[in-house]
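In case you want the letters, here they are:
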Amino acid sequence: LSALPIQLVFAPMLMALSAWVTTHHWGLAYLLPNPYSPWVKYVLMFFMLDFLDYIYHLSMHRLPGFWRFHLAHHTDLKMDVSTNLREHPGETVLRNCFLIVWVFICGASFWVLFLRQAVQTLANISAHTSFRLPSRSARLLGWVFITPNLHQVHHHFKLPYTDCNFGDVFSIWDRIFGT
């Protein structure tokens, strides 16, 4: 219940910033050759935003002040879809502040944000389900995507398990950075 009002305050700011970076050709996307190519505009931006969400999630675990907020998300002993919605209002503010910085750095357009949010929502809902994929499917899909199997390890109540698998949509960041 606390996340919605916060989201409603931040959404117009995020849309205004996205319009500004697009209009002024601001951000890393515009430093690349052919920044208007759909590959740069959508695919590369999607990957970049996913990587930055990995950085955000890692920060929430590694910085003690941030962990105090993120801990609310990890309080369920049995993870299910409702775990996805469990978030301290302070984390909602932090997450949106990080996203504003990411949009400013990347130059992400409204449609990239829209696509990213839609895919991220589906990925997070599926990652926070209580079911597990069969071993072979989990192993194959887990090379690219965060699966329920990978994310359930992340929600384990004991260290060091909680401090691994920080990816959001893609699991590649955890493999690249050894987390």
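### Notes on the overall build of the protein
And then number 1: Regarding its fold elements, the protein presents nine helices and zero strands.
And then number 2: For the protein, whose C-alpha radius of gyration is 17 Å, the value lies close to the compact-globule estimate of 16 Å for 179 residues.
And then number 3: Projected onto the principal axes, the alpha-carbon positions of the protein cover approximately 45 × 35 × 25 Å.
And then number 4: The buried share among the 179 residues of the protein stands at 42%.

### Overview of a nonpolar patch on the surface
And then number 1: Taken together, the side chains of M15, F110, W111 and F114 define a hydrophobic patch exposed on the protein surface, amounting to about 440 Å² of accessible area.
And then number 2: The element best represented in the nonpolar patch is helix 6 (residues 110–127), accounting for three residues.
And then number 3: Assignment of secondary structure puts F110 in helix 6.

### A look at the packing of aromatic side chains
And then number 1: For the structure on display, the rule yields 18 aromatic pairs.
And then number 2: Site record: aromatic cluster; members linked through ring pairs are F51, Y54, F166, W173 and F177.
And then number 3: Its end group placed over the ring of F46, R116 keeps NZ or CZ at 5.4 Å from the ring centre.

### Let's talk about the side chain of D168
And then number 1: Structurally, D168 can be placed in the loop between helix 8 (148–154) and helix 9 (172–177).
And then number 2: Judged by relative accessible area, which is 12%, D168 ranks as buried.
And then number 3: Side-chain polar atoms of D168 contact the side chain of R116, separated by 3.0 Å.
And then number 4: At 2.5 Å, the side chain of D168 forms a polar contact with the side chain of Q120.

About the criteria used
- Within each chain, residues carry numbers counting from 1 in the order of the written sequence.
- The predicted origin of the model limits local features to residues at a pLDDT of at least 70 and limits the giving and counting of side-chain atom pairs to 80 or more, whereas totals for whole chains, interfaces and linings rest on all residues.
- For the side-chain quantities, the full set of heavy atoms in the structure was used; hydrogens and water were omitted.
- Each helix is a run of DSSP H or I of at least 4 residues and each strand a run of E of at least 2, with the numbering of both proceeding from the N terminus.
- We compute the radius of gyration over the C-alpha atoms and compare it with the globule rule, which gives 2.2 Å times the number of residues raised to the power 0.38.
- Accessibility here uses a 1.4 Å probe with only protein chains present; expressed as a share of the type maximum, an area under 20% marks a residue as buried, one over 50% as exposed, and anything in between as partly exposed.
- A patch is a set of surface residues, each over 30% in relative accessible area and not in a salt bridge, joined within 9 Å for like charges and within 5 Å for the nonpolar side chains Val, Leu, Ile, Met, Phe, Trp and Tyr.
- The accessible surface values rely on the Shrake-Rupley method and a 1.4 Å probe; as for residues, cover is taken only from the protein chains in view.
- Salt bridges are defined as contacts in which a side-chain nitrogen from Lys or Arg sits within 4 Å of a carboxyl oxygen from Asp or Glu.
- Centre distance within 6.5 Å is the pairing criterion for rings of Phe, Tyr and Trp, where only the six-membered ring of Trp is used; planes under 30 degrees apart are then read as stacked, over 60 as edge-to-face, and the remainder as tilted.
- Look at NZ for Lys and CZ for Arg. If either is within 6 Å of the ring centre and within 35 degrees of the ring normal, a charge sits over the ring.
- For this analysis, a polar contact is any N or O atom pair within 3.5 Å, provided that within protein one partner can donate a hydrogen and the other can accept it, and provided that sequence-adjacent residues contribute only side-chain to side-chain pairs.

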